[in-house]
Amino acid sequence: MNAAVIRYRTKPEAADENQRLIENVFGELALKTPPGLTYTAVRLADGVTFVHVVDGEGVPDLTAFQEFQRTLPDRLEVAPAREEATVVGTYSAEVLV
C-alpha cells in the first residue's frame, strides 16, 4: 500500500487556525466517508509542526480541504515536504474526530 506523508511548519500565530481548518476536513470526512481512505493529521509537541498521512483517494475533493489549501500559503513558515511511503500496518481501536 502506498501513502503520502506531508510535513510542514506554520507561523506560530497561525497554528490554531491551521488546526481548526484540519478539524473541518475531518468533519466533512465523517459525513462523506470516502471508501478506502485512511487519513491522519497530527500537530507535534512544538505546536507549529503538522504531519499528515494519507492513503487513498478523496481528500482533495472535499470543500473543507479546498478551503484549507486556499489559505495555506499565508499560514506557512516552512513549505510542505511530501514523501511517498509504504504502509507497513495500520491499527485503530476507535475512530478519532
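Values in this document were obtained by computation on a predicted structure and should not be read as measured data.

What counts, and where the lines are drawn
Residues numbered from 1 in each chain as written. Predicted model: local features only at pLDDT ≥ 70, side-chain atom pairs only at ≥ 80, totals over all residues. Heavy atoms only, no water. Salt bridge = Lys/Arg side-chain N within 4 Å of Asp/Glu carboxyl O. Helix = DSSP H or I, 4+ residues; strand = E, 2+ residues; numbered from the N terminus. Buried < 20%, exposed > 50% of the residue type's maximum accessible area, 1.4 Å probe, protein only. Expected span 1.5 Å × (residues − 1). Arc of directions from axis to C-beta. Contact = heavy atoms within 4.5 Å. Bend = angle between axes of the 7 residues up to and from the residue. Phe/Tyr/Trp six-rings, centres within 6.5 Å; stacked < 30°, edge-to-face > 60°. Pairing = 2+ DSSP bridges.

Enquirer: Before we move on, could you go through the pattern of salt bridges and cite the residues and values that matter?
Expert: Charged atoms that come close allow side chains of opposite charge to pair. If you walk through the whole model with that rule in mind, you get 6 salt bridges. Two residues, Arg 9 and Glu 77, come together in a salt bridge whose shortest N-O distance is 3.1 Å. Separated by 68 residues along the polypeptide, Arg 9 in strand S1 (residues 2-10) and Glu 77 in strand S4 (residues 76-86) bring together distant segments of the chain. Of the charged contacts, one joins Arg 43 and Asp 16 as a salt bridge, the two residues approaching to 3.0 Å between their closest N and O atoms. One end of the pair, Arg 43, is in strand S2 (residues 38-43); the other, Asp 16, is in helix H1 (residues 15-32), and 27 residues separate them in sequence. Taking the relative accessible area as the measure of exposure, Arg 43 reaches 31% and is therefore partly exposed. Residue classification places Asp 16 among the exposed residues on the basis of a relative accessible area of 56%.

Enquirer: If you had to explain H1 to someone new, which residues and values would you point to?
Expert: Counted at 1.5 Å a residue, the expected span for H1 with its 18 residues is 26 Å, and the 26 Å between its end C-alpha atoms agrees. Those residues of H1 not exposed but buried are Ala 15, Asn 18, Leu 21, Ile 22, Val 25, Phe 26, Glu 28 and Leu 29. Each buried residue of H1 lies within a common arc of 160 degrees when the element is viewed along its axis, so the set occupies one face. Of the exposed residues in H1, the ones pointing more than 90 degrees away from its buried face are Asp 16 and Leu 31. Buried positions along H1 lie against S1, S2, strand S3 (49-55) and helix H2 (63-75).

Enquirer: Which residues make up H2, and what values do they have?
Expert: The end-to-end C-alpha separation of H2 is 19 Å, in line with the 18 Å expected for 13 residues at 1.5 Å each. Helix geometry: H2 is bent most strongly at Gln 69, by close to 25 degrees, with proline Pro 73 lying one to four residues after it. Looking at the buried positions of H2, the neighbouring elements they touch are S1, H1, S3 and S4.

Enquirer: For the packing of aromatic side chains, give the residues involved together with the corresponding values.
Expert: Under the defined criterion, the tally for this structure stands at 3 aromatic pairs. On the numbers, 5.0 Å between centres and 15 degrees between planes, the contact of Phe 26 with Tyr 39 is stacked. With a gap of 13 residues between them, Phe 26 in helix H1 and Tyr 39 in strand S2 connect regions that are remote in the sequence. Assigned by exposure class, Phe 26 and Tyr 39 land together as buried.

Enquirer: Lay out the pairing of S2 with the relevant residues and their values.
Expert: Judged from the 6 bridges that link them, S2 and S3 form a sheet pairing that is antiparallel. Paired with Ala 41 across the bridge in S3 is His 52. In textbook terms, the turn of a hairpin is the stretch between consecutive antiparallel strands, and for S2 and S3 this stretch comprises 5 residues, one of which, Gly 47, has a positive phi near 85 degrees.

Treat this as a map of the structure, not an account of what it does.
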